[in-house]
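The primary structure of each chain is shown beneath.
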Amino acid sequence: RKEVEQDPGPFNVPEGATVAFNCTYSNSASQSFFWYRQDCRKEPKLLMSVYSSGNEDGRFTAQLNRASQYISLLIRDSKLSDSATYLCVVNGHTNAGKSTFGDGTTLTVKP
Amino acid sequence: DGGITQSPKYLFRKEGQNVTLSCEQNLNHDAMYWYRQDPGQGLRLIYYSQIVNDFQKGDIAEGYSVSREKKESFPLTVTSAQKNPTAFYLCASSIGPPSGGLNTQYFGPGTRLTVL
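Rules behind the numbers
Residues numbered from 1 in each chain as written. Chains lettered and ligands numbered in written order. Predicted model: local features only at pLDDT ≥ 70, side-chain atom pairs only at ≥ 80, totals over all residues. Heavy atoms only, no water. Helix = DSSP H or I, 4+ residues; strand = E, 2+ residues; numbered from the N terminus. Rg over C-alpha atoms; globule rule 2.2 N^0.38 Å. Buried < 20%, exposed > 50% of the residue type's maximum accessible area, 1.4 Å probe, protein only. Contact = heavy atoms within 4.5 Å. Areas by Shrake-Rupley, 256 points an atom, 1.4 Å probe, with all protein chains shown as cover. Lys, Arg positive; Asp, Glu negative; His and termini not counted. Charge placed at Lys NZ, Arg CZ, Asp CG, Glu CD. Core = buried A, V, L, I, M, F, W, Y, C linked by side-chain atoms within 4.5 Å. Buried area = accessible area lost by both parts, 1.4 Å probe. Polar contact = N/O pair within 3.5 Å; in protein donor to acceptor, adjacent residues only side chain to side chain. Nonpolar A, V, L, I, M, F, W, Y, C, P; charged D, E, K, R; others polar. pLDDT = per-residue confidence, 0-100.

## Points about the overall build of chain B
Working step 1: What chain B contains, in helices and strands, is zero helices and 11 strands.
Working step 2: Shown N-terminal to C-terminal, the secondary structure of chain B runs as helices and strands in the order β-β-β-β-β-β-β-β-β-β-β.
Working step 3: For 116 residues, the compact-globule formula gives about 13 Å, and the C-alpha radius of gyration of chain B, at 13 Å, lands near that figure.
Working step 4: With respect to the principal axes defined by its C-alpha atoms, chain B has extents near 40 × 30 × 30 Å.
Working step 5: Within chain B, buried positions represent 50% of all 116 residues.
Working step 6: Counted over contacts in chain B with a minimum sequence separation of 6, partners at least 24 positions apart contribute 55%.
Working step 7: Here chain B has roughly 5600 Å² of accessible surface; of this, 48% comes from carbon and sulfur atoms.
Working step 8: Each charge sign in chain B was given a centre, from 11 positive and 10 negative side chains, and these centres are 7 Å apart.

Structure, rendered in structure tokens:
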């Protein structure tokens, strides 16, 4: 089993839809969590950190469930520009707190 | 204008050659990282450095070498010992060490290496 697992998708949704991604992690000692967005053939860019209390940034909401060891990303009112691969990142459960990346979930928003 | 730069953007190498990928940051970040990404996969850590003149192996360090002589620079050498080097290489940096509270990583634009 991978340390960090994501549903690879692809998720194909119409504009305006609400879509949710989950990411599970195996080590309960994990300390910090992030969602990154990666466009095709580009570098990952930080979308948002994930806090225990949950956090929201515009149309994006991230939540952490430590008991069940998963994080989620909710995108409301999807835009065409949201089409990308979303990477889940978990820190702190390997030597020196290194990051472990999920393989990513691909989202395509269609008109 | 602060950021992380990587060069070259595309690199072609013949089998048996060593090549060095450049990574420079002017963010005054202490920690720097090298990752490899293969198609359809996530990032895998090659090496990381928490401070100047110190670096640690990541999960897939075999066939790679690094140096950290300056805070701003963390070059990666892909040696001929790396059996399957064709990949997208990403450099990142963070303010603090990987295990601390300032460990959010910011990435450079990447280098695509192709072995001919």
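## What about the overall build of chain A?
Working step 1: Within chain A one finds zero helices and 11 strands.
Working step 2: Relative to a compact globule of 111 residues, whose C-alpha radius of gyration would be 13 Å, chain A shows 14 Å and is just as compact.
Working step 3: Overall, chain A is about 45 × 30 × 20 Å in size when its C-alpha atoms are taken along their principal axes.
Working step 4: Across the 111 residues that make up chain A, the buried fraction comes to 48%.
Working step 5: Relative to all contacts within chain A whose residues are 6 or more apart in sequence, the contacts with residues 24 or more apart total 56%.
Working step 6: Roughly 5300 Å² of accessible area belongs to chain A as shown, and the carbon and sulfur atoms make up 46% of that amount.
Working step 7: In chain A, 12 side chains carry a positive charge and 11 a negative one; their mean positions are 3 Å apart.

## Looking at the nonpolar core
Working step 1: A:Phe21, A:Trp35, A:Ile71, A:Leu73, A:Ile75, A:Tyr86 and A:Leu107 are the most contacted members of the largest nonpolar core, which has 23 residues in total.
Working step 2: Broken down by secondary-structure element, the contributors of at least two residues to this core are strand 3 (19–25), strand 4 (32–38), strand 5 (44–50), strand 7 (60–65), strand 8 (70–75), strand 9 (84–91) and strand 11 (105–110) of chain A.
Working step 3: Apart from the residues lying within four places of it in its own chain, the contact partners of A:Phe21 are A:Phe11, A:Trp35, A:Ile71, A:Ser72, A:Leu73, A:Ile75, A:Tyr86, A:Thr105 and A:Leu107.
Working step 4: Core analysis: the next-biggest nonpolar cluster, separate from the first, contains 19 residues, B:Val19, B:Met32, B:Ala87 and B:Tyr89 among them.

## Side note on the interface of chain A and chain B
Working step 1: Every contact between the two is made by 21 residues of chain A and, on the other side, 25 residues of chain B.
Working step 2: Considering only the side of chain A, the residues that lose the most area to chain B are A:Arg41, A:Lys98 and A:Phe101, jointly responsible for 31% of the buried surface there.
Working step 3: At the junction of chain A with chain B, the criterion picks out five residue pairs in polar contact (both at pLDDT 80 or more).
Working step 4: Listed by contribution, the elements that provide at least two residues to the side of chain A that touches chain B are strand 4, strand 5, strand 9 and strand 10 (99–101) of chain A.
Working step 5: Broken down by element, the side of chain A that touches chain B gets its largest block of residues, four residues, from strand 4 of chain A.
Working step 6: Split by residue class, the side of chain A that touches chain B holds seven nonpolar, nine polar and five charged.

## Structural notes on the confidence of the model for chain A
Working step 1: A residue-level look at chain A finds 95% of positions with pLDDT of 70 or above and a mean pLDDT of 91.
Working step 2: The weakest mean pLDDT in chain A belongs to strand 10 of chain A at 88; the strongest belongs to strand 2 (residues 11–14) of chain A at 97.

## With respect to unusual backbone geometry
Working step 1: A:Pro10 follows A:Gly9 through a cis peptide bond whose omega is 5 degrees.
Working step 2: As for its position among the elements, A:Pro10 is in the loop between strand 1 (4–6) and strand 2.
Working step 3: The linkage connecting B:Ser7 with the following residue, B:Pro8, adopts the cis geometry, with an omega of -10 degrees.
Working step 4: Phi at A:Arg41 is positive, roughly 65 degrees, even though this residue is not glycine.
Working step 5: Mapped onto the secondary structure, A:Arg41 falls in the loop between strand 4 and strand 5.
Working step 6: The class of A:Arg41 is exposed, set by a relative accessible area of 52%.

## Quick notes on the side chain of A:Arg37
All names here are of chain A.
Working step 1: Along the chain, Arg37 falls in strand 4.
Working step 2: Of the polar contacts made by the side chain of Arg37, one reaches the backbone oxygen of Ser83; its length is 3.3 Å.
Working step 3: Leaving out residues up to four positions away in the same chain, Arg37 has contacts with Glu43, Pro44, Lys45, Leu47, Ser81, Asp82, Ser83, Ala84, Thr85 and Tyr86.

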